[in-house]
Amino acid sequence: MKLLHTGDWHLNHIQGAVDRSEHLRRRVEKVAEICERESVDVLLHAGDWFSEQSQVNTRVNHVADSFTHLRRTFAPFFARGGIILGVTGNHDQDGRIRPHIDVARAGMNIVSPSRRPGDHFTRGNFYLLDTFFHGRIRDEKEAFDVQLVLLPFPSLNRVLAGTETTSAASELNRSVAEAVSSRLRGLPEEPGFDRSLHSVLVAHIHAT
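These numbers were taken from a predicted model, which means no experiment stands behind them.

Participant: Got a sec to walk through the side chain of H45? Specific residues and values, please.
Facilitator: With respect to the helices and strands, the residue H45 is situated in strand β4 (residues 42–45). Take H45: its relative accessible area is 0%, and that puts it in the buried class. Among the polar contacts made by the side chain of H45, one reaches the main-chain amide nitrogen of G47 at a distance of 3.0 Å.

Structural data, given as structure tokens:
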């Protein structure tokens, strides 16, 4: 099974007065070319699909336009059973972006994973996960499973319990790091997780 890892595309980024959307879409097309040339099975995206500068209003919807471009660009990849599997990053979770991702997903056949952790992702699909999840991909030729652990950006409001007694950023970030580390260490005991499988972590985090 061939995996291609990428991330931080920041589609629709505006640098000063320059809209970089078209340039970035050409880069996405290069990724699709690599997938075909190298016969990639799974494209992994570790978050920050969009720039927080993406425009979404009555005149333009950059998020929907970018999803449309992705669907068109990767049509051959999906047709031969390729899977795009990604998580949201901190830019995707920006309040100006997240509400429009769900709307765009509905129109772009971006599927949600099974509700049961450990189930298989279906070939030929595009998955964008906004919650912690683990599932599997089957290599039919070699008859084995690869286990994918998906961890979107662990923002403070998602991870912290609200009972913290400090407002210092360093302390709050330490609490987030401890919570994420604890969740990852506890994975082998979670339902559906098979510790005997090859496992790949797809995450939008700082690691030390």
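Participant: Which residues make up unusual backbone geometry, and what are the values?
Facilitator: With phi around 55°, D8 is a residue other than glycine that occupies positive phi space. Along the chain, D8 falls in the loop between β1 (3–6) and β2 (14–15). By relative accessible area, D8 is classed as partly exposed at 42%.

Participant: Give a description of the nonpolar core that names residues and reports values.
Facilitator: The biggest cluster of nonpolar side chains holds 22 residues, and the ones touching the most others in it are W9 and F74. Among the elements of the structure, α1 (21–37), α2 (62–73), α3 (75–79) and β7 (126–129) are those that each provide at least two residues to this core. Per element, the largest residue contribution to this core is five residues, and it comes from α1. Listed in part, the 15 residues of the second largest apolar core include L44, L129, L148 and V202.

Participant: Provide a residue-level description of the packing of aromatic side chains, including the pertinent values.
Facilitator: Scanning the model with the defined rule gives nine aromatic pairs in all. An angle of 70° between the planes, with centres 6.1 Å apart, marks the rings of F121 and F133 as edge-to-face. Of this pair, F121 sits in the loop between β6 (110–111) and β7 while F133 sits in strand β8 (residues 133–139), placing them 12 residues apart in sequence. One exposure class covers both F121 and F133, and it is buried. An aromatic cluster of three or more residues is present, and its members are W9, W49, F50, F67, F74, F77, F78 and F126.

What counts as what
- Residues numbered from 1 in each chain as written.
- Predicted model: local features only at pLDDT ≥ 70, side-chain atom pairs only at ≥ 80, totals over all residues.
- Heavy atoms only, no water.
- Helix = DSSP H or I, 4+ residues; strand = E, 2+ residues; numbered from the N terminus.
- Buried < 20%, exposed > 50% of the residue type's maximum accessible area, 1.4 Å probe, protein only.
- Polar contact = N/O pair within 3.5 Å; in protein donor to acceptor, adjacent residues only side chain to side chain.
- Core = buried A, V, L, I, M, F, W, Y, C linked by side-chain atoms within 4.5 Å.
- Phe/Tyr/Trp six-rings, centres within 6.5 Å; stacked < 30°, edge-to-face > 60°.

Keep in mind that these numbers describe shape and distance, not what the molecule does.
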